[in-house]
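Below, each chain spelled out in residue letters.
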Amino acid sequence: MPSYVHSDRGVSFMSKEFQTYLTEKGITTSRTTGYNPAGNGQYFEWSVGDPIHVEIKNQAGEIPSLSVICRKLKELDLTRHEATKVATERFTPLNMAQRQAFFRWRMTIDPRRIYFLDETAFQLDGDTRTIGRCHTNESLPSYVRKGDARVKMSVLAIIGFDGGVLGAYPIHGNFNRIRFNFVLAQFLLALVPPGSFIVMDNASIHNEQDLVQLLLPRNLTLVKLPTYSYDLNPIEMVNEVAKTCARRTPGLLRNNMPFAIVNAFSQVTRHAVQNFYRKS
């Protein structure tokens, strides 16, 4: 049982029940000043993670201040990011081995021979801008029709290291196996030179038997990504940039959705695609 407890001013620590319990146990308490996390630096030191803790500990023998911690985070090039949900299945021994094998394969192939393909979706309600300006203490309304969330177009796009975004074909609704095979065979495969590799994920509509029959006559090789490994597909970043470009022209999705989608993909530069190749 501790004889002394130091905490911040959280509601649970300030509650009457908690204070009564500590008093009954004969435990002395103190609290930090408001808006001053450095006042509880010993807890913060351990909460930032082991590697950072070790780095800071090597630099300072005493509990570091908040400014020291912030400076060290900057030196380590650690910035604040929104957390990304990742399936725990990605880290199974089998899947990790497959990811390593894919990395090694990428290192042995000229990137100009590797083409990535994937589908994404655009919603009509995504045409509404979510950020704007208004006077202080006033609200900023965003008007959306009730049916907009149900209006959707799916896009099948393909990218290459040299050509950037080679093509983006939008359709109303969702892709299924038949639609996917038709668009791929009729509109996208002609954009890929013979002797190349086409990489895609393990979606159920990507039927391996169908794809081999489509690719083999064109001397193209199918490569499937390891499961739960969207981070290895640079076209995922292309899709995000295209959606951002579409939101920069409010009204265009509503007036001409197919044109707005194709126009958005055309704004993704070849240089950007090459950077995405290097990052993936």
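Note that the structure is predicted; figures quoted are calculated from it, not measured.

Draft legend 1. Seen up close, the packing of helix 7 (residues 177-188) against helix 8 (residues 208-215). Between helix 7 and helix 8, the least distance of the axes is 11 Å, while the angle of their chain directions is 15°. Judged on the interaxial angle alone, helix 8 and helix 7 are roughly parallel. The element helix 7 and its partner helix 8 pack so that their crossing is right-handed. Between helix 7, through Arg-177, Phe-180, Asn-181, Leu-184 and Ala-185, and helix 8, the contact on the second element is made entirely by Asp-210, Leu-211 and Leu-214. Of the residues belonging to the contact of helix 7 with helix 8, the class tally is five nonpolar, one polar and two charged.

Draft legend 2. A look at the pattern of salt bridges. As enumerated under the stated definition, the model contains four salt bridges in all. For Arg-90, the salt bridge identified is with Asp-231, shortest N-O distance 3.2 Å. Here Arg-90 is found in the loop between helix 5 (66-75) and helix 6 (93-108), whereas its partner Asp-231 is found in the loop between strand 7 (221-224) and helix 9 (235-247), with 141 residues between them in sequence. Look at Arg-90 and you get buried, because its relative accessible area is 8%. In this structure, Arg-177 and Asp-210 form a salt bridge, with 2.5 Å as the shortest nitrogen-oxygen distance. Of the two residues, Arg-177 sits in helix 7 while Asp-210 sits in helix 8, which places them 33 residues apart along the sequence. Judged by relative accessible area, which is 16%, Asp-210 ranks as buried. The network of salt bridges with shared partners includes Arg-90, Arg-99 and Asp-231.

Quick notes on the rules
Residues numbered from 1 in each chain as written. Predicted model: local features only at pLDDT ≥ 70, side-chain atom pairs only at ≥ 80, totals over all residues. Heavy atoms only, no water. Axes fitted to C-alpha atoms, helices over the stretch in contact; angles between N-to-C directions. Helix = DSSP H or I, 4+ residues; strand = E, 2+ residues; numbered from the N terminus. Parallel < 35°, antiparallel > 145°, perpendicular 65-115°, else oblique. Left-handed = near helix turned anticlockwise from the far one by under 90°. Contact = heavy atoms within 4.5 Å. Nonpolar A, V, L, I, M, F, W, Y, C, P; charged D, E, K, R; others polar. Salt bridge = Lys/Arg side-chain N within 4 Å of Asp/Glu carboxyl O. Buried < 20%, exposed > 50% of the residue type's maximum accessible area, 1.4 Å probe, protein only.

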